[in-house]
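Spelled out, the chains give:
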Amino acid sequence: MNFDVVTLFPEMFESPFAGSIIGKAVSKGLVQITAHYLRDWAEGRHQVTDDPPYGGGDGMVMKPEPICRAIASLKEQRPGAKVLLMSPQGKPFDQQQAQQLSQQENLIFLCGRYEGFDERVRSYVDAEYTIGDFVLTGGELPAMVMIDAVARLLPGVLGNQGSAEADSFSDGLLEHPHYTRPAEFEGQRVPEVLLSGNHARIAAWRRSQQLLRTLQRRPDLLENVQLTDDDLLELERLRETHRHIQIKTNG
Ligand code: 4GM
């Protein structure tokens, strides 16, 4: 899968993907990540990529011409590529979006700086994404976050590290707690069930812990999850048992 990134800071993309699991996937030829310097598509002696906003105000706006030239040239190299723009005004990027994007062969990421892009660029963009409700100095970190989340889903990328299917969110729930040796650490014991060797009991305990964690920390996630009849029964039991620590709402 090819990830092409258009940025004023291509060097930012070097070290995060070197070494690491994604770096290995690059070496194996499973993914290709190419950072392109936006200024290469800017014209004139100064290769300007930004300008003050029409109507006045603080900050600078990314000029449309260099970005649209970049899109045109990359789309020629990568037929059928989807063009993605990072901005706080995009749709929230989540595991489901990562899964859908991992089906694509070519993705082009547009990273903005300053106050953002000239509005007319948006007509050349397939989707606009945010990685969360906060403002960063540029779209580079969001693009890296998305590339990591998408690339690790590709066949062969995780290898022995485990399958992406076992992750948090793959079933829409948070993960159960994990333990390794020693069986007792500074007075804290590993839950007895995990030492029992009873795989059915362990699986049931883990599922219950996933439901409890999600109930306590991210109850919003339960709305969009496929739950079995057993899950629903367990969830009711957990709600009853843990009623005293439920967060009070205004409702
Ligand atoms: C405004 C418009 C993305 C600012 C376009 C980008 C946060 C996110 C920028 C832009 C960003 C985010 C650059 N800050 N929450 N800053 O995903 O690219």
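Please refer to the structure higher up on the page.
Let me sum up the structure you'll find in this document. Sequence order as written defines the numbering, with residues in each chain counted from 1. Where local features are concerned, this predicted model is filtered to residues with pLDDT of at least 70; where side-chain atom pairs are given and counted, the filter is 80 or more; whole-chain, interface and lining totals use all residues. The side-chain values count all of the structure's non-hydrogen atoms but skip hydrogen atoms and water molecules.

Take the side chain of Gln97 next. The helix and strand labels rest on DSSP assignments: H or I over at least four residues marks a helix, E over at least two residues marks a strand, and numbering proceeds from the N terminus. With respect to the element layout, Gln97 can be found in helix H3 (residues 95-101). Excluding its chain neighbours within four sequence positions, the residues that come into contact with Gln97 are Lys91, Pro92 and Tyr129. Throughout, a contact is declared for two residues whenever any of their heavy atoms are within 4.5 Å.

All right, on to the nonpolar core then. Membership of the largest hydrophobic core comes to 30 residues, with the highest contact counts inside it found for Phe3, Phe13, Leu84, Phe93, Leu101, Phe109 and Met146. Counting residues per element, this core draws most heavily on helix H4 (residues 140-151), which supplies 7 residues. In this structure, Phe3 is in contact with Val31, Gln32, Ile33, Thr34, Leu107, Phe109, Ile147, Val150 and Ala151, ignoring residues within four places of it in sequence. Cys68, Ile71, Ala81 and Leu85 belong to the second largest nonpolar core, which has 18 residues in total. Nine residue types can take part in a nonpolar core, namely buried Ala, Val, Leu, Ile, Met, Phe, Trp, Tyr and Cys, and a core is a set of them joined through side-chain atoms within 4.5 Å. Three labels apply to residues, based on accessible area from a 1.4 Å probe with only protein chains included: buried if under 20% of the type maximum, exposed if over 50%, partly exposed otherwise in between.

All right, on to the site of the ligand then. Nearness is judged by heavy atoms alone; a residue qualifies as near a molecule or strand once a single heavy atom is within 4 Å of it. Taken together, 16 residues lie near the ligand, and Met86, Ile131, Gly132, Phe134 and Leu136 sit nearest. Between the ligand and Gly132 there is a distance of 2.9 Å, counted from a nitrogen atom to a backbone nitrogen or oxygen. A distance of 3.0 Å is found between a nitrogen atom of the ligand and a backbone nitrogen or oxygen belonging to Phe134. For the ligand, whose free accessible area comes to 420 Å², the fraction covered by protein is 96%. With 3 residues, the top contributor of residues to the shell around the ligand is strand S5 (residues 82-92). In the scheme used here, Gly and all other residues not listed as nonpolar or charged are polar, with Ala, Val, Leu, Ile, Met, Phe, Trp, Tyr, Cys and Pro taken as nonpolar and Asp, Glu, Lys and Arg as charged. A class-by-class count of the residues in the shell around the ligand yields 8 nonpolar, 7 polar and 1 charged. We define a polar contact as two N or O atoms separated by no more than 3.5 Å, with the added condition that, inside protein, one atom must be a possible hydrogen donor and the other a possible acceptor, whereas residues neighbouring each other in sequence contribute only through side-chain atom pairs. Computed by Shrake-Rupley with a 1.4 Å probe, the accessible areas treat only the displayed protein chains as cover when residues are assessed.

Another point: the packing of aromatic side chains. We call Phe, Tyr and Trp rings a pair once their centres come within 6.5 Å, taking the six-membered ring for Trp, and we label the pair stacked below 30 degrees between planes, edge-to-face above 60, and tilted otherwise. On inspection of all chains with the given rule, the structure shows 2 aromatic pairs. Ring centres of Phe93 and Tyr129 lie 5.9 Å apart, and the angle between their planes is 85 degrees; on these two criteria the pair is classed as edge-to-face. Of the two residues, Phe93 sits in the loop between S5 and H3 while Tyr129 sits in strand S7 (residues 127-130), which places them 36 residues apart along the sequence. Phe93 gets classed as buried once you look at its relative accessible area, which sits at 15%. For Tyr129, a relative accessible area of 4% puts it in the buried group.

Below, the discussion takes up the pattern of salt bridges. Opposite charge on two side chains permits pairing when their charged atoms draw close. A pair is scored as a salt bridge if a Lys or Arg side-chain nitrogen falls within 4 Å of a carboxyl oxygen belonging to Asp or Glu. Inspection of the entire model under this criterion finds 15 salt bridges. For Asp118, the salt bridge identified is with Arg120, shortest N-O distance 2.7 Å. Judged by its relative accessible area of 15%, Asp118 falls in the buried class. A network of salt bridges, in which partner residues are shared, links Asp51, Lys63 and Glu65.

This part is about the pairing of strand S1 (residues 2-7). Of all 6 residues in S1, 6 are buried, a share of seventy percent or more. The alternating pattern of S1 places Asn2, Asp4 and Val6 on one face and Phe3, Val5 and Thr7 on the opposite face, and all of these are buried. Being paired, for any two strands, means DSSP has found at least two bridges between them. Bridge count for S1 against strand S2 (residues 32-37) is 6 bridges, and the pairing is parallel. Bridge pairing in S2 places Val5 opposite Ala35. For the segment spanning S1, helix H1 (residues 21-27) and S2, crossover handedness is right-handed. Looking down the strands as they point away from you, a crossover is right-handed if its path from the first strand over the helix to the second goes clockwise.

Let us now look at helix H6 (residues 229-241). In a regular helix each residue adds 1.5 Å, so 13 residues correspond to 18 Å; H6 covers 18 Å between its end C-alpha atoms and thus fits that length. Turning to H6, the residues buried within the fold contact helix H5 (199-217). Given the number of residues in a helix, its expected span is that number minus one, multiplied by 1.5 Å.

Looking now at a nonpolar patch on the surface. A cluster of nonpolar side chains, Phe134, Leu136 and Leu141, forms an exposed patch at the surface whose accessible area comes to about 270 Å². Tracing the sequence through the fold places Phe134 in the loop between S7 and H4. Each patch is built from residues lacking any salt bridge and having more than 30% relative accessible area; the joining distance is 9 Å for like charges and 5 Å for nonpolar side chains (Val, Leu, Ile, Met, Phe, Trp, Tyr).

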